[in-house]
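For reference, the chains in residue letters:
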Amino acid sequence: MFKTKKHLVVTTMLALVLPVLSACGGNTTSTPSSGGNSDSSQATTTAGTGSSSTGNTQPTGATGTTGSSGSAGGEKVTLTFWNGFTGPDRPAVEDLVKKFNDSHPNIQVNMDIQPWDSLMQKLLSTMSTGQGPDITGIHFQYLPQYAKSGYVMDMTSSFKGGTNLDPANFPPALNDLLRVDGKYYAAPMNFATLLLYYNKDLFKAAGLDPEKPPATWDEWKTDLKKLTKPDQGQYGIAIGEHETIPNWPIFLWGNGGDVIKNGKPDLTDPKTIEALKMWSAMVTNDKISPTGLSGAEADKLFQSQKAAMEVSGPWLTNGFTEAKLNFSVAPVPVGPAGPVTLADSVVMMVNKSSKNTDAAMQFVDYWNSKESQLYFSTQTGFPSARLDLANSPDLAKNQWSPKFAAVAPNSRFYLAGLEKFTQIDADVFTPMIQQITLGKKSVEDAAKEADQKINDLLK
């Protein structure tokens, strides 16, 4: 009976896996926050020596590691760590692993960085056989599925006051994400918020003050129209519709609407309908953005200076800086319902079948220390996952990190804690948006149909 149930869980979860194009280094459906989609390479890094070799090397799985603790004087432990940070934030991830290895001589973390879609395809199949990596960095949307599968470790005993995993360290919304049925099955790997990226040169060319980005929806709509020049192939904004960090929920929230509210579908709420009508009309009638964009295509439009604005996360700052764009970031303009933006996170899970869970938790603890969080933030521009670092002067070493941290109090997670996140987003919400922007269905008809589908999924 147990084997049959487990088989059904694996089959169901595999069916839900979709290409998770990282939210860190490119717009994505899944993964804040997590490695770019511009780099499709896979590498196994022995971070203790700083060496890396590209290729499809399959690291030793959880059943292949040795040792039990990694404490001083004990047998040396080797841990495998999979994640999808292939984007501009990758060097910071590699550096932190190296710092851990250098400071823990009896524990060696071998990291395998690979595209998110490849990782997701391999992860379940290996973990279901008691193998796979000791530690995985994964987008928060998958945590409920993995926790209920029985393949990941219950970390609750490690979340204690006064430790690096003190629940009080983390924003309440992020802390809630780490729990399934009241137990902790993950720890933060990163935390991200979204801001409005804008091209100063294009603002100036359009007669707009490059030091005064729009602050309200009315200002935003006016500026978007001024910056849209169809005859020149220029758009006011690049809005990703699929394989992207979600933008459309922010439009709904800004007007007081939502996808799901209080556990029930909310797409037919008048405030949601009003937001869908307004923003879809801006896309279809005013041509402020091309329709059908993927996250990577939206990033490319902004980087090639064909779009004046984009709403995205801190993973893009390094790439746009290297491309020598004259850009800055600002809070998402405030709508009728008040300031709001999207939050995102990649979380760390420990394989329940690992023979080295104590050593794995030492790594998870180290990653969430003040020193590690400060280093990651200053290197990548990500806000810290720790609330007690929000006002640290050290964050100012990176000009972007304080800006993304400043909007954390107004940030929300999309479809947080829902086991059917993927089905709701990829099979219902995203197709609904595309039906509307392509003019295939009216807002009312598309929303009503999607609302019913979500209701069926939530039963």
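Residues numbered from 1 in each chain as written. Predicted model: local features only at pLDDT ≥ 70, side-chain atom pairs only at ≥ 80, totals over all residues. Heavy atoms only, no water.

## A word on the sheet that holds strand β14 (residues 327-330)
The three strands are arranged β13-β10-β14 in an open sheet whose pairing can be described as antiparallel. Each edge of the sheet is formed by a strand with only one pairing partner; in this case those strands are β13 (309-312) and β14. Put simply, the sheet's adjacent strands are angled 25° from each other on average, direction ignored. With four bridges joining them, strand β10 (residues 195-199) and β14 adopt antiparallel strand pairing. Bridging from a neighbouring strand, Asn 199 pairs with Phe 327 of β14. Along the sheet face, helix α7 (residues 217-227) touches β10 and β13 and points at about 130° away from the line of β13. Each of β10, β13 and β14 touches helix α10 (residues 295-303); the most contacted strand, β13, lies at about 135° to it. (Pairing = 2+ DSSP bridges. Helix = DSSP H or I, 4+ residues; strand = E, 2+ residues; numbered from the N terminus. Axes fitted to C-alpha atoms, helices over the stretch in contact; angles between N-to-C directions. Contact = heavy atoms within 4.5 Å.)

## Comments concerning the side chain of Thr 380
Residue placement: Thr 380 occurs in helix α13 (residues 370-380). According to the relative accessible area criterion, Thr 380 is buried, its value standing at 2%. Of note is the side chain of Thr 380, whose polar atom sits 2.6 Å from the backbone oxygen of Phe 376. Apart from residues no more than four positions distant in its own chain, Thr 380 is found in contact with Asp 89, Ala 92, Pro 314, Thr 317, Asn 318 and Asn 398. (Buried < 20%, exposed > 50% of the residue type's maximum accessible area, 1.4 Å probe, protein only. Polar contact = N/O pair within 3.5 Å; in protein donor to acceptor, adjacent residues only side chain to side chain.)

## Considerations on the packing of helix α2 (residues 90-103) against α13
Packing of α2 against α13 brings their axes to within 10 Å, and their N-to-C directions diverge by 155°. Classed by the angle they form, the pair α2 and α13 counts as roughly antiparallel. The crossing of α2 and α13 is right-handed. Every residue of α13 that contacts α2 at Ala 92, Val 93, Asp 95, Leu 96 and Lys 99 is listed here: Ser 372, Tyr 375, Phe 376, Gln 379 and Thr 380. Here the residues of the contact of α2 with α13 are counted per class, giving five nonpolar, three polar and two charged. (Parallel < 35°, antiparallel > 145°, perpendicular 65-115°, else oblique. Left-handed = near helix turned anticlockwise from the far one by under 90°. Nonpolar A, V, L, I, M, F, W, Y, C, P; charged D, E, K, R; others polar.)

## A closer look at the packing of helix α15 (residues 421-437) against helix α16 (residues 443-458)
Where α15 contacts α16, the axes come no closer than 9 Å and their chain directions differ by 175°. In terms of their interaxial angle, α15 and α16 are classed as roughly antiparallel. In contact with Gln 423, Ile 424, Val 428, Met 432, Gln 435 and Ile 436 of α15, α16 contributes Val 443, Ala 446, Ala 447, Glu 449, Ala 450, Lys 453, Ile 454, Leu 457 and Leu 458. Its residues assigned to classes, the contact of α15 with α16 shows eleven nonpolar, two polar and two charged.

## Quick notes on the pattern of salt bridges
Counted by the stated rule, this structure contains 14 salt bridges. Here Arg 90 ties to Glu 94 by a salt bridge, and the two come within 3.1 Å at their closest N and O atoms. Residue Arg 90 and its partner Glu 94 are located together in helix α2, separated by four residues, close to a single helical turn. Assessed through its relative accessible area of 11%, Arg 90 is described here as buried. Of the charged contacts in the structure, one is a salt bridge between Lys 441 and Glu 449, with a shortest N-O distance of 2.3 Å. Owing to a relative accessible area of 29%, Lys 441 belongs among the partly exposed residues under this scheme. In the salt-bridge network here, residues are joined through shared partners; they are Lys 441, Glu 449 and Lys 453. (Salt bridge = Lys/Arg side-chain N within 4 Å of Asp/Glu carboxyl O.)

## Description of the sheet that holds strand β15 (residues 341-344)
Paired through backbone hydrogen bonds, the strands of a sheet run either parallel or antiparallel to each other. The mixed open sheet is built from three strands, whose spatial order is β9-β15-β17. Among the strands making up the open sheet, the edge pair consists of β9 (192-193) and β17 (411-413).

## Things to note about the environment of Asn 169
By the secondary structure assignment, Asn 169 is in the loop between α4 (143-149) and α5 (172-177). The class of Asn 169 is buried, set by a relative accessible area of 8%. Note: C-alpha distance between Asn 169 and Asp 388 (219 residues apart in sequence) is 6.3 Å. In this view, Asn 169 contacts Thr 163, Asn 164, Ala 385, Arg 386, Leu 387 and Asp 388; residues no more than four positions away in its chain are not counted. Looking at Asn 169, its side chain comes within polar contact range of the main-chain oxygen of Thr 163, at 3.2 Å.

## Topic: the nonpolar core
Of all hydrophobic cores here, the largest spans 125 residues; its most connected members are Tyr 146, Trp 220 and Met 432. Excluding residues that lie within four positions of it along the chain, Met 432 makes contacts with Leu 267, Leu 276, Ala 446, Ala 447 and Ala 450. (Core = buried A, V, L, I, M, F, W, Y, C linked by side-chain atoms within 4.5 Å.)

## A look at unusual backbone geometry
Within the chain, Glu 243 stands out as a residue other than glycine whose phi angle is a positive 45°. Its location among the elements puts Glu 243 in the loop between α7 and α8 (248-254). Despite not being glycine, Gln 305 has its phi angle at roughly 60°, a positive value. Classification of Gln 305 by relative accessible area gives partly exposed; the value is 34%.

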